[in-house]
Amino acid sequence: MNIQKMMKEAQKAQRKMAEAQERLANLSVEGSAGGGLVTATASGDGNITKITIDKSAVDPDDIELLEDLVTAAVNEAQRKAKELQETEMGAAMGGLGGLGGLF
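Residues numbered from 1 in each chain as written. Predicted model: local features only at pLDDT ≥ 70, side-chain atom pairs only at ≥ 80, totals over all residues. Heavy atoms only, no water.

Caption draft 1: Examining the overall build of the chain more closely. Of regular secondary structure, the chain possesses two helices and three strands. Going from N to C terminus, the chain has its helices and strands arranged as α-β-β-β-α. Its C-alpha atoms give the chain a radius of gyration of 20 Å, more than 25% over the compact-globule value 13 Å for 103 residues. Taking the principal axes of the C-alpha coordinates as reference, the chain spans close to 70 × 20 × 15 Å. Buried positions account for 28% of the 103 residues belonging to the chain. Within the chain, counting contacts between residues at least 6 apart in sequence, those at least 24 apart form 57% of the total. (Helix = DSSP H or I, 4+ residues; strand = E, 2+ residues; numbered from the N terminus. Rg over C-alpha atoms; globule rule 2.2 N^0.38 Å. Buried < 20%, exposed > 50% of the residue type's maximum accessible area, 1.4 Å probe, protein only. Contact = heavy atoms within 4.5 Å.)

What follows is the structure, given as structure tokens:
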């Protein structure tokens, strides 16, 4: 493979990656716990953008349960965001196998 072709392929890969990252920033996913008592929303790049807590989940005598529910909802939202990232980036890189493992 000549160097010019390899450079063009690298530029194409960079463009596709930038487009995928832009799409991710505009997407969101949700994770929930406790049957929906706590919901965490994350952007496609994994940042938590919102936490919703149902009033019935708040028990002053059992703060640990609420903490566990929030943690579980956030973890699920971030897991879903990571799956979305892998899907988007995989789609962006699809068909660029000619780079010989550079990326």
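Caption draft 2: Representation of the pattern of salt bridges. Throughout the structure, instances matching the rule amount to three salt bridges. Two residues, R23 and E88, come together in a salt bridge whose shortest N-O distance is 2.6 Å. One end of the pair, R23, is in helix α1 (residues 3–25); the other, E88, is in helix α2 (residues 63–93), and 65 residues separate them in sequence. Taking the relative accessible area as the measure of exposure, E88 reaches 16% and is therefore buried. With a shortest N-O distance of 3.3 Å, E76 and K80 are connected by a salt bridge. Of this pair, E76 and K80 both sit in helix α2, four residues apart, which is roughly one turn of the helix. Take K80: its relative accessible area is 29%, and that puts it in the partly exposed class. (Salt bridge = Lys/Arg side-chain N within 4 Å of Asp/Glu carboxyl O.)

Caption draft 3: Structural view of the environment of E19. Turning to its location among the elements, E19 is positioned in helix α1. Given the relative accessible area of 44%, E19 is considered partly exposed. Separated by 70 residues in sequence, E19 and M89 have C-alpha atoms that sit 9.4 Å apart.

Caption draft 4: Quick peek at the pairing of strand β1 (residues 28–33). Here β1 shows a clear split, with V29, G31 and A33 buried on one side and none of S28, E30 and S32 buried on the other. Of the strand pairs in this sheet, β1 and strand β2 (residues 38–43) are connected by six bridges, and their pairing is antiparallel. Residue E30 lies in a different strand from β2, and its bridge partner there is T41. Between β1 and the antiparallel strand that follows it, β2, lie four residues; G34 among them carries a positive phi value of about 65°. (Pairing = 2+ DSSP bridges.)

Note that every value here comes from positions in space, so none of it alone points to a role or purpose.
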